[in-house]
Amino acid sequence: MNASILNGPVAVIGAGTMGIGIAQVAAGAGHQVRLFDISAAAAQRALDGLAQRLRRRVEAGKADAAATEALLARIQLAEALNQLADSGLVVEAVAESLAVKQSLFRDLEALCSPATLFASNTSSLSITAIAGALQHPQRMAGLHFFNPAPLMKLVEIVSGLDTSETTLATLQTLAERWGKHSVRCRSTPGFIVNRVARPFYAETLRALEEQVADAATLDAVLRDAGGFAMGPLQLTDLIGQDVNYAVTESVFQAFFQDPRFTPSLVQQELVAAGRLGRKSGRGFYRYDGAAEPAARCAPAAQGLLPQRISLHGDWSALADLAQLLAGNAAAIKQPGQTSAYAQIDEVTFMLTNGKTAAQVANETGTPVVLFDLSVDYAQAPVIAISCAPQNEARHNACVIRLLQSLGKRVIPLPDYPGLLVMRTLAMLANEALDVVNKGVASAADTDLAMRRGVNYPRGPLEWAAALGWRHILATLDNLHHFYAEARYRPMPLLRRYAATPLSGAER
């Protein structure tokens, strides 16, 4: 690898939020940084803003004054592109326009050394297409940071059709020196994170469209039961509804309008109304000082606790919940080879598999309460359930009383197939498997990208493997049958995994 690239000057083009963030990262790692923007005033404002933020940290006792001033001194503004000619690496963070990026790199190729590496921070455009403007496309790769770049630990290193291994390896070493976790992926719409993450938003947006619950309740299920840092609707308000919608629309069009990426009409309406989230003062929530809405949980159930609880089938994937239930169980049956379910007095209590509770009640001839997936049943404060419409009120109250006695806030949802966390994980894992199957990224990098790029509690492939590929497949098959939509079609690799007894860790 070329030491002049690993240790030499770095140029950053574009002084927006991402550009100044990348400049801070490179300068913090010891590089001399030249920051260029077509608007010199914008570049100066960005640098002044960075200085103010970093000096406030010094005043608050959170940073060293000398180190802060040294970092700032390493960032110099460039007045013209030709001042970037001796850079070992040029990182572009300009407008998401293919024509603009191609023109920029064409100009840079005429100015810079043949050894200079070019990188784009694009989140949606093809690296192959951007590099198509170059005489030497092997020097071009994607270097996709996440916002805010100084804090987020993930960088996606994206190869175009002609990107050389040397370019990729150099950027990976550089990212590690900058304190980032790097993942490699092939240029494809959305790369890893923006592609795999689409169902996280889409399934909750669909539940909102279908009036399953209000925004606060749906967010609480994903956040407080699923273990995600924020609910999807909260997160889109933070990102900006226009930004999140534009990414979904871009991926949808890039995949030739594949229905699994269909944008949400509810979100489109918010964008049309200018309700863009925090930055506009209103999105799915209001940001005008009004009290935050609370999730709609079941009131305290009355009556006695159930007299008999028995566990049937294989509970190994739900051991934390089994342990909670076992503490209240009068009789525990040994696990068998069947799917896990509990008998709570007369009620069949089981993890959703994409069927409605009404369907399961018809199949079993018993009252049925389905429960949603949780990242940790022992620690999660919330559990979501759906009750078969055939049940009597006492059946539902019996189960709710038990769950509340275990310290859980219970969120009863309508009889919605797959509830919310389970169907979201199934769709995330399904998309991640397609990424792996098509050689976009490895399974390990895909999971790492989702944990570090968007702070998922577990990588979707790891989580799905622990739950069981057959359960993931059953959930999608049942959703596919229920909706009769290609959106829920299981990917070929999922069918192969579900057909073999090997776990994901053994593959």
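Residues numbered from 1 in each chain as written. Predicted model: local features only at pLDDT ≥ 70, side-chain atom pairs only at ≥ 80, totals over all residues. Heavy atoms only, no water.

Considering the layout of surface pockets
And step 1. Approximately 1,200 Å³ is the volume found for the largest pocket.
And step 2. Considering the residues around the largest pocket, the lining is formed by 37 residues, among which Met18, Phe146, Asn147, Ile239 and Val243 are closest to the centre.
And step 3. Taken together, the elements giving at least two residues each to the lining of the largest pocket come down to helix 2 (17–28), strand 6 (140–145), helix 8 (193–196), helix 9 (198–209), helix 11 (232–239), helix 12 (241–254) and helix 18 (443–454).
And step 4. A class-by-class count of the residues in the lining of the largest pocket yields 21 nonpolar, 13 polar and three charged. (1 Å grid on protein atoms, 1.4 Å probe; cavity = no way out; pocket = protein on both sides within 12 Å on 5 of 7 lines; lining within 4 Å. Points joined across faces, edges and corners; volume = space filled by probe spheres on them. Helix = DSSP H or I, 4+ residues; strand = E, 2+ residues; numbered from the N terminus. Nonpolar A, V, L, I, M, F, W, Y, C, P; charged D, E, K, R; others polar.)

Re empty space enclosed by the protein
And step 1. Within this structure, the stated rule accounts for two cavities of 30 Å³ or more.
And step 2. Its boundaries defined by the atoms lining it, the largest cavity holds a volume of some 50 Å³.
And step 3. Where the lining of the largest cavity is concerned, the elements lending two or more residues are helix 14 (319–326) and strand 13 (382–387).
And step 4. Across the lining of the largest cavity, the residue classes break down as eight nonpolar, no polar and one charged.
And step 5. Each pocket or cavity is described by its volume, and for the second largest cavity that value is around 40 Å³.
And step 6. Lining the second largest cavity are Pro199, Arg260, Met427, Asn430, Glu431, Arg487, Arg489 and Met491.
And step 7. Its residues assigned to classes, the lining of the second largest cavity comprises three nonpolar, one polar and four charged.

Topic: the environment of Val421
And step 1. Tracing the chain through its elements places Val421 in helix 17 (residues 421–437).
And step 2. Note: C-alpha distance between Val421 and Ser374 (47 residues apart in sequence) is 7.1 Å.
And step 3. Beyond its immediate chain neighbours, meaning those up to four positions away, Val421 contacts Val221, Leu222, Gly226, Asp372, Leu373 and Trp463. (Contact = heavy atoms within 4.5 Å.)

Looking at the UniProt feature "domain: 3-hydroxyacyl-CoA dehydrogenase NAD binding" (unreviewed entry) in the protein
And step 1. Taking the UniProt record as the reference, the feature "domain: 3-hydroxyacyl-CoA dehydrogenase NAD binding" (unreviewed entry) is found at residues 10–186.
And step 2. Secondary structure across residues 10–186 comprises 41% helix and 21% strand; the distance between its end C-alpha atoms is 24 Å. (UniProt positions renumbered as here; feature names shortened; annotations may be inferred.)

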